[in-house]
Amino acid sequence: QEQLVESGGGWVQPGGSLKLSCATSGISFAIYDMAWYRQAPGKQRDLVASIPVIGNTKYADSVKGRFTISRDNAKNTLYLEMNHLRSEDTAVYYCNADAGTWVGDQRLTYWGQGTQVTVSL
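Residues numbered from 1 in each chain as written. Predicted model: local features only at pLDDT ≥ 70, side-chain atom pairs only at ≥ 80, totals over all residues. Heavy atoms only, no water.

### Things to note about the pattern of salt bridges
Line of reasoning, step 1. One pass over the structure, following the stated rule, counts 4 salt bridges.
Line of reasoning, step 2. One salt bridge in this structure joins Lys-64 and Asp-61, with 3.1 Å as the shortest N-O distance. Each of the two residues, Lys-64 as well as Asp-61, counts as exposed.
Line of reasoning, step 3. Here Asp-89 makes a salt bridge to Arg-66, at a shortest N to O gap of 2.8 Å. You can see Asp-89 sitting in the loop between β8 (77–82) and β9 (91–103) and its partner Arg-66 sitting in the loop between β6 (58–59) and β7 (67–72), a full 23 residues away along the chain. (Salt bridge = Lys/Arg side-chain N within 4 Å of Asp/Glu carboxyl O. Buried < 20%, exposed > 50% of the residue type's maximum accessible area, 1.4 Å probe, protein only. Helix = DSSP H or I, 4+ residues; strand = E, 2+ residues; numbered from the N terminus.)

Right, dumping it as structure tokens:
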């Protein structure tokens, strides 16, 4: 059974830091492109950062220079280090694993349940 479990969310004041983790099981983590998305209330789910199996990491313009995505293939875990947090970073953060392929008409992609990040005074 494929599982992605996020942790590390919480409340932090503006300017603070948090580090999110996404522990995976049931997938061959090393061959999956990984990413973090976020969804604020009433808004669509947007890409925050991605780290492919091969290639460069990518970041949304709004988080460049503040967030760092990384992966540990030995631990099957994805990370997102978030610094200089702002109120507009408040959202539910989701981990995504994408194999870049299809099985029949289903894209081979998995999502975690999300972790809440709240940035406020």
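Back to the write-up after that little detour.
### Quick look at the state of the cysteines
Line of reasoning, step 1. Counted under the stated rule, the structure contains 1 disulfide.
Line of reasoning, step 2. A sulfur-sulfur separation of 2.1 Å characterises the disulfide bridge that pairs Cys-22 with Cys-95. Measuring the twist about the S-S bond at about -75°, one finds the Cys-22-Cys-95 disulfide to be left-handed. Placement of Cys-22 in strand β3 (residues 18–25) and of Cys-95 in strand β9 is noted, with a sequence separation of 73 residues between them. Of the two residues examined, Cys-22 and Cys-95, each falls in the buried class. (Disulfide = S-S within 2.5 Å.)

### Topic: the nonpolar core
Line of reasoning, step 1. If you look at the biggest cluster of nonpolar residues, it comprises 27 residues, and the most contacted ones within it are Trp-36, Leu-78, Leu-80, Met-82 and Tyr-93.
Line of reasoning, step 2. A per-element tally of this core places β9 first, with 4 residues.
Line of reasoning, step 3. Those residues within four positions of Leu-80 in sequence are excluded, and the remaining contacts are Leu-18, Lys-19, Leu-20, Trp-36, Val-48, Ala-49, Phe-67, Thr-68, Ile-69 and Tyr-93. (Core = buried A, V, L, I, M, F, W, Y, C linked by side-chain atoms within 4.5 Å. Contact = heavy atoms within 4.5 Å.)

Any functional reading would require information that these geometric values do not contain.
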